[in-house]
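# Structure at a glance
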Amino acid sequence: MENERYPRVRFQRRLNYLRDDVEEMGQTSLAAYKKALEAFINYDANLVKEVSKANDKLYEMNYRLEQKAMSVIASEQPVARDLRFIETCIKVASHLKRMGGLASNIGDVAKHIKDEEIPEKPMEDITHMADIVDGMVSKSLSAFLNEDMNLVRELKRDDDKVDDLFDKALNDISNSMFQEKDAISYMIYILFVARFLERIADRAENIGDRTIYMITCEKPGVAAKLNELIKDEKEQK
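Basis of the calculations
- Residues numbered from 1 in each chain as written.
- Predicted model: local features only at pLDDT ≥ 70, side-chain atom pairs only at ≥ 80, totals over all residues.
- Heavy atoms only, no water.
- Phe/Tyr/Trp six-rings, centres within 6.5 Å; stacked < 30°, edge-to-face > 60°.
- Helix = DSSP H or I, 4+ residues; strand = E, 2+ residues; numbered from the N terminus.
- Buried < 20%, exposed > 50% of the residue type's maximum accessible area, 1.4 Å probe, protein only.
- Expected span 1.5 Å × (residues − 1).
- Contact = heavy atoms within 4.5 Å.
- Polar contact = N/O pair within 3.5 Å; in protein donor to acceptor, adjacent residues only side chain to side chain.
- Axes fitted to C-alpha atoms, helices over the stretch in contact; angles between N-to-C directions.
- Parallel < 35°, antiparallel > 145°, perpendicular 65-115°, else oblique.
- Left-handed = near helix turned anticlockwise from the far one by under 90°.
- Nonpolar A, V, L, I, M, F, W, Y, C, P; charged D, E, K, R; others polar.
- Salt bridge = Lys/Arg side-chain N within 4 Å of Asp/Glu carboxyl O.

Per the stated rule, a full pass over the model turns up three aromatic pairs. Plain terms: the ring middles of tyrosine 189 and phenylalanine 192 are 6.0 Å apart, the flat faces sit at 85 degrees to each other, and that makes the pair edge-to-face. With tyrosine 189 and phenylalanine 192 both in helix H7 (residues 184-216) and three residues apart, the pair spans about one turn of that helix. Residue classification places phenylalanine 192 among the partly exposed positions, given a relative accessible area of 38%. Aromatic ring contacts, followed pair by pair, group Tyr189, Phe192 and Phe196 into a single cluster.

Rendered as structure tokens:
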């Protein structure tokens, strides 16, 4: 009866359910990432299995969210900001799913190098990258859930730091390979991890871009206009 008398209430409730689903996916993805890094630094076979299970769960969660979103669009025919919110939920969920896949890749690498001693400099690079990426995953989810464009600005700065660290890691890994030829076989895996971390950072930044689009209807990738957009948003409030 309430749904018939107050269709907007029903519609808003369905949007809230989508938002909750994205938040759950975000928490699952972040937890998988943390476990993957822990398994990489201090190998734990059980953690690797948990990351793999989380990856499978994220794929299923993403599928269910897409079905819900399509159902809302078909039955409610949303427009303007509501439609952008639903589209952003689909896009953000896809990025979170892929983050889970990259976390699973890191877990797989951990199995291959569990008995190897990683040179100090490359390990420091990876650890530093991992800390920044950890924060980026959290910030990207918070930026979406709280519609916070200031966090999006932080994500872009953080992504630049990750890119610089990736270049440094590539250089240090290459030097380690030249200094110790026997290390080449497993140092390749360290390079993979650096690449996986960079890609997770890119996914986090993409979530920030989609958040900007949801709020402002501006095309994703508007870093040069971000300060202006934040100012305009504050004035409207």
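There's plenty left to go through after this.
Structural remark: α-helix, 3.6 residues per turn; residues separated by three or four positions point the same way. Over its 32 residues, helix H3 (residues 45-76) runs 46 Å from end to end, which matches the ideal 46 Å to within 8%, given 1.5 Å per residue. Those residues of H3 not exposed but buried are Leu47, Val48, Val51, Ala54, Asn55, Leu58, Met61, Asn62, Leu65, Ala69, Val72 and Glu76. Of the surrounding secondary structure, the elements contacted by the buried residues of H3 are helix H2 (7-41) and helix H4 (80-113). You can read the cap of H3 off the contacts: a side-chain oxygen lies 2.9 Å from the backbone nitrogen of asparagine 46, and it is on aspartate 44. After H3 finishes, the residue glutamine 77 shows a positive phi value of roughly 50 degrees.

With that settled, the discussion passes to the packing of helix H6 (residues 149-179) against H7. Here H6 crosses H7 at 165 degrees, and the two axes come no closer than 9 Å. In terms of axis orientation, H6 runs roughly antiparallel to H7. For the pair H6 and H7, the crossing hand works out as left-handed. Counted by class, the contact of H6 with H7 contains 19 nonpolar, four polar and eight charged residues.

A few words on the side chain of threonine 211. With respect to the helices and strands, the residue threonine 211 is situated in helix H7. Given the relative accessible area of 0%, threonine 211 is considered buried. Non-local contacts of threonine 211, meaning those with residues more than four positions away in its chain, are made with Thr88, Ala143, Phe144, Glu147 and Val152.

Looking now at the side chain of glutamate 76. Within the secondary structure, glutamate 76 sits in helix H3. Classification of glutamate 76 by relative accessible area gives buried; the value is 18%. Separated by 3.3 Å, the side chains of glutamate 76 and arginine 10 make a polar contact. Looking at glutamate 76, its side chain comes within polar contact range of the side chain of arginine 14, at 3.2 Å. Every residue in contact with glutamate 76, bar those within four places of it in the chain, is listed here: Arg10, Phe11 and Arg14.

The next thing to look at is the pattern of salt bridges. Counted by the stated rule, this structure contains 17 salt bridges. Note that aspartate 158 is salt-bridged to lysine 139, the shortest N-O span being 2.8 Å. One end of the pair, aspartate 158, is in helix H6; the other, lysine 139, is in helix H5 (residues 120-146), and 19 residues separate them in sequence. The buried category is assigned to aspartate 158, whose relative accessible area is 9%. A relative accessible area of 23% means that lysine 139 is categorised as partly exposed.

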